[in-house]
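Residue-level structure breakdown
Chain by chain, the residues run as shown.
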Amino acid sequence: PTLPTFYVAHGGGPMPLLGDPQHAGIVKHFKELPSMVTSPIKAILVVSAHWEADVPTVMTNAKTKLLYDYYGFPPESYKIQYPCPGAPDVARRTKELLEQAGMKVKEESSRGLDHGVFVPLKVSFPDADIPTFQLSLLSSLDPVAHLRMG
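For the structure given in this document, a descriptive report is provided here. Model, not experiment: these values are computed from the prediction.

Regarding the environment of Ser139
Considering the arrangement of structural elements, one finds Ser139 in the loop between β6 (137-138) and α4 (143-149). Sequence-wise, Ser139 and Asp54 are 85 residues apart; in three dimensions their C-alpha atoms are separated by 5.4 Å. Within the structure, Ser139 has its side chain in polar contact with the side chain of Asp54 (distance 3.1 Å).

Printed below as a string of structure tokens:
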């Protein structure tokens, strides 16, 4: 089955995870996301605005780490953990599909999940048990090229 696609704004950096009252609405929305999925989730693919590359780049890590790509927040925001597994098989299948569409694609196995991934997922899927990976945006930000990516 095809699972739904969501556009998720994560608010101000890690603030939804720090109990900031101005982010209560976003936290409520994050908590509702799992109820919108009616089939089992094999993996989660996230395209985050915080990762751009010259060509589509797929994260193939078997084990994920976090990339604290924000600055000036309280010390506890740099200790947040979200130890979800990676999804290298699904990531490679994603790469194959993009290549079949005529795109040059790279693999990346050392980058961490950025806060556009771990902030919403830590609230939505707190058990961190769903394999997760990222696909970069194109640094050109060309809308036609992004539509070709699917």
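Quick word on the packing of aromatic side chains
Think of a pair of aromatic rings as described by two things: how far the centres are apart, and how the planes are tilted against each other in angle. All chains considered together, the criterion is met by six aromatic pairs. Relative to Phe118, the ring of Tyr68 lies with its centre 5.9 Å away and its plane at 75 degrees, an arrangement referred to as edge-to-face. Placement of Tyr68 in the loop between β3 (57-59) and α2 (88-100) and of Phe118 in helix α3 (residues 115-124) is noted, with a sequence separation of 50 residues between them. Accessibility expressed as a relative area gives 23% for Tyr68, which makes it partly exposed. Ring centres of Tyr70 and Phe73 lie 5.4 Å apart, and the angle between their planes is 80 degrees; on these two criteria the pair is classed as edge-to-face. In this structure an aromatic cluster arises from ring pairing among Tyr68, Tyr70, Phe73, Tyr78 and Phe118.

A short note on the side chain of His115
Topologically, His115 is positioned in helix α3. Of the polar contacts made by the side chain of His115, one reaches the side chain of His10; its length is 3.5 Å. When neighbours within four sequence positions are excluded, His115 is seen to be in contact with His10, Gly13, His50, Leu67, Asp69, Tyr70 and Pro120.

Let's talk about the layout of surface pockets
Empty space within the largest pocket amounts to approximately 1,500 Å³. Together, 40 residues line the largest pocket, and Thr5, Phe6, Leu45, Val46 and Val47 are the ones closest to its centre. Of all the secondary structure elements, the ones that give two or more residues to the lining of the largest pocket are β1 (44-46), α2, α3 and α4.

Some remarks on the nonpolar core
Counting residues in hydrophobic clusters, the biggest one holds 20 residues, and the most contacted among them are Ile44, Leu66, Tyr82, Leu113, Phe118, Leu121 and Phe125. Elements that contribute at least two residues to this core include exactly α1 (24-32), β1 and α3. Looking at which element gives the most residues to this core, the answer is α3, with five residues. With sequence-adjacent residues up to four places away left out, Tyr82 is seen in contact with Thr64, Leu66, Phe118, Leu121, Lys122, Phe125 and Ala128. Formed by twelve residues, the second largest nonpolar core is a distinct cluster that contains Ala43, Ala91, Met103 and Ala145.

What counts and how
- Residues numbered from 1 in each chain as written.
- Predicted model: local features only at pLDDT ≥ 70, side-chain atom pairs only at ≥ 80, totals over all residues.
- Heavy atoms only, no water.
- Helix = DSSP H or I, 4+ residues; strand = E, 2+ residues; numbered from the N terminus.
- Polar contact = N/O pair within 3.5 Å; in protein donor to acceptor, adjacent residues only side chain to side chain.
- Phe/Tyr/Trp six-rings, centres within 6.5 Å; stacked < 30°, edge-to-face > 60°.
- Buried < 20%, exposed > 50% of the residue type's maximum accessible area, 1.4 Å probe, protein only.
- Contact = heavy atoms within 4.5 Å.
- 1 Å grid on protein atoms, 1.4 Å probe; cavity = no way out; pocket = protein on both sides within 12 Å on 5 of 7 lines; lining within 4 Å.
- Points joined across faces, edges and corners; volume = space filled by probe spheres on them.
- Core = buried A, V, L, I, M, F, W, Y, C linked by side-chain atoms within 4.5 Å.

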